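Report on the structure
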Amino acid sequence: MIEQKPLHDGLFSWPDSDPEILGSRCNECGQHAFPPQSSCRNCTGNNTSVVGLGREGKLWTWTIQTFMPKDPYLTDETPETFVPYGVGYVELECGLRVESRLRQNTTADLAIGMPMTLEIIPVRKDDQGAELVTFQFTKKEPN
Amino acid sequence: MDVAIVGLGLHPFGRSPSLSGLEQGAVAARAAMADAGTDFKAMQFAFGGSQDGGNADSMVNLLGLTGLQFTNIWNGCATGGSSLNAAYSAIKSGQYDIGLVTGFDKHPRGAFNPKPSEWGLDDWYGETGLMLTTQFFAMKLQRYMHDYNISRETLVSVAEKAFRNGSITPTAWRQTALSREEIEQAPMVSEPLNKYMFCSPAEGGCALVICRADIAHNYTSKPIYLKTAVVRSRNYGSFEVFAPSQAPFVADSPTVTASRTAFELAGIGPEDVDVAQLQDTEVGAEIMHMAENGFCAHGDQEKWIAEGRTEITGALPVNTDGGCLANGEPVGASGLRQVYEICHQLRGSAGARQVPNSPKVGYTHVYGAPGISGVNILAV
């Protein structure tokens, strides 16, 4: 089995059978941030804690990336294999809106307010052959 | 001390393969000084900026080594606004009598590709395809259309106006008017915005000579008074570009705070403005900025644009030279081009695109990453 590693540490809980988004919560004013940061953009303090922000939310806004971005975009895709992807802000339970790639990539499949859930996806192979992974959101199917 | 603009210079925007960005800036600077009937020896200071065109102060090699104070300004798309703000303060404070403001640029073709590390972000943000300004503009607009019932027809109308105004502006890059059908059928870039709804990075230079109001008539018979020049960054909750997360609510943007302060300082209101330049990085930006700058209520743009109120012959002409959509955006020069255009409108020298009935008060607004805005109010 290919080893999987986060592309960047600290964005989501890992390893975890049920990963969630990680953020920071200001111990002074209660506002959240993603990725976690040691200072607070709301109250200017620097007393925060890393907290789990869950794995579900609602789509607040969206667009579709139709062409393969230039550098610094870095995946194993080529212009020929590139598949358009959705981009959106997902409003989590705490209210914070987290920017994310979206699995859905057509206007018919995307709508403001739709329920979304987290998934972990491969980005590219690193030098040692490990698979680097990141987060994205996808439409939450009704239970 | 009141502040006046007495010299206007522009190197046409677009593509100029034989000239560097700096050289285009120097062409604009010499044009502005000639317009004011003066020369570089008379300039006591200069503020200048460029994103990809090199250090502005190296322009002294092309203009002459006179020993003046020359300060480089870099503030993203608000570079021109920040340069003019600095020059305004230099005159207003009494430190200097006359000086030069210049901006220029020369960008590679295609969309900008900013580096995350230069914007306080880690590499994953760019590597996974989130570091695109086009996505931000599209997402801000998508939510705005949802919240305020703005139609796709209105997006098309704004692009149509831009290229029509560009077609009667001799210095514009895009000088061909486009039909609604041509605009509607352009390839989609980032839903809901297609190719003709975005401006493109470009090249060009712009410069202004600015001086104490009490000596302005030594340089021109038609001084334009810079009533106020305000630059603001974002407050918590403003929906902004290059943001991996946004606050749980939407607060006033830096455009709103800069605009409000500018009107307060000038002692006038939006209803007093006769002609405006509003940052139109894409068509939705022009629409949203109409309301953010206080000219109409959110959602009223649909009616305003349908009624032609922002046309050259309308109640509030917006982007009379075709704006960024028709001129492209050489970042360092773009904000100054707005002021250049408004000064021509207030002088009555805007040619085929002249706003009728002698406009008296003009307004310019820039917006740029990662959430800054500059507003100038000008009057004859």
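Residues numbered from 1 in each chain as written. Chains lettered and ligands numbered in written order. Predicted model: local features only at pLDDT ≥ 70, side-chain atom pairs only at ≥ 80, totals over all residues. Heavy atoms only, no water.

On to the overall build of chain B. Secondary structure assignment for chain B yields twelve helices and twelve strands. Relative to the globule expectation of 21 Å for 380 residues, the C-alpha radius of gyration of chain B, 19 Å, shows essentially globular dimensions. Across its three principal axes, chain B shows a C-alpha extent of roughly 55 × 50 × 40 Å. Once local pairs closer than 6 in sequence are excluded, the contacts in chain B between residues at least 24 apart make up 75%. For chain B, the accessible surface area stands at approximately 13,000 Å², while carbon and sulfur atoms represent 48% of it. The positive charge centre, built from 27 side chains, and the negative charge centre, built from 38, are 4 Å apart in chain B. (Helix = DSSP H or I, 4+ residues; strand = E, 2+ residues; numbered from the N terminus. Rg over C-alpha atoms; globule rule 2.2 N^0.38 Å. Contact = heavy atoms within 4.5 Å. Areas by Shrake-Rupley, 256 points an atom, 1.4 Å probe, with all protein chains shown as cover. Lys, Arg positive; Asp, Glu negative; His and termini not counted. Charge placed at Lys NZ, Arg CZ, Asp CG, Glu CD.)

Residues and elements named next belong to chain B. Here nine strands make up an open sheet; going across it, the order is 3-2-4-7-1-8-12-11-10 and the pairing mixed. Whereas interior strands pair on both sides, the edge strands pair on one side only; in this sheet they are strand 3 (69-72) and strand 10 (275-278). Shown here is a sheet whose adjacent strand axes are inclined to one another by a mean of 20°, direction ignored. Here strand 11 (residues 361-368) pairs with strand 12 (residues 372-379) via eight bridges, running antiparallel. Within the sheet, the bridge partner assigned to valine 366 lies in strand 12 and is glycine 374. (Pairing = 2+ DSSP bridges. Axes fitted to C-alpha atoms, helices over the stretch in contact; angles between N-to-C directions.)

Moving on, we get to the pattern of salt bridges. Residues and elements named next belong to chain B. The tally for this structure, following the rule as stated, stands at 23 salt bridges over all chains. In this structure, glutamate 203 and arginine 15 form a salt bridge, with 3.9 Å as the shortest nitrogen-oxygen distance. On the criterion of sequence distance, the pair formed by glutamate 203 in strand 7 (residues 203-212) and arginine 15 in the loop between strand 1 (3-14) and helix 1 (21-35) is long-range, its members being 188 residues apart. Judged by relative accessible area, arginine 15 falls into the partly exposed class, the value being 26%. Glutamate 191 is the partner of arginine 152 in a salt bridge, and the nearest nitrogen-oxygen pair spans 2.2 Å. With arginine 152 in helix 6 (residues 152-166) and glutamate 191 in the loop between strand 5 (188-190) and strand 6 (193-194), the pair connects residues that are 39 residues apart, well separated along the chain. Using a relative accessible area of 40% as the deciding quantity, one classes arginine 152 as partly exposed. In the salt-bridge network here, residues are joined through shared partners; they are Arg15, Lys106 and Glu203. (Salt bridge = Lys/Arg side-chain N within 4 Å of Asp/Glu carboxyl O. Buried < 20%, exposed > 50% of the residue type's maximum accessible area, 1.4 Å probe, protein only.)

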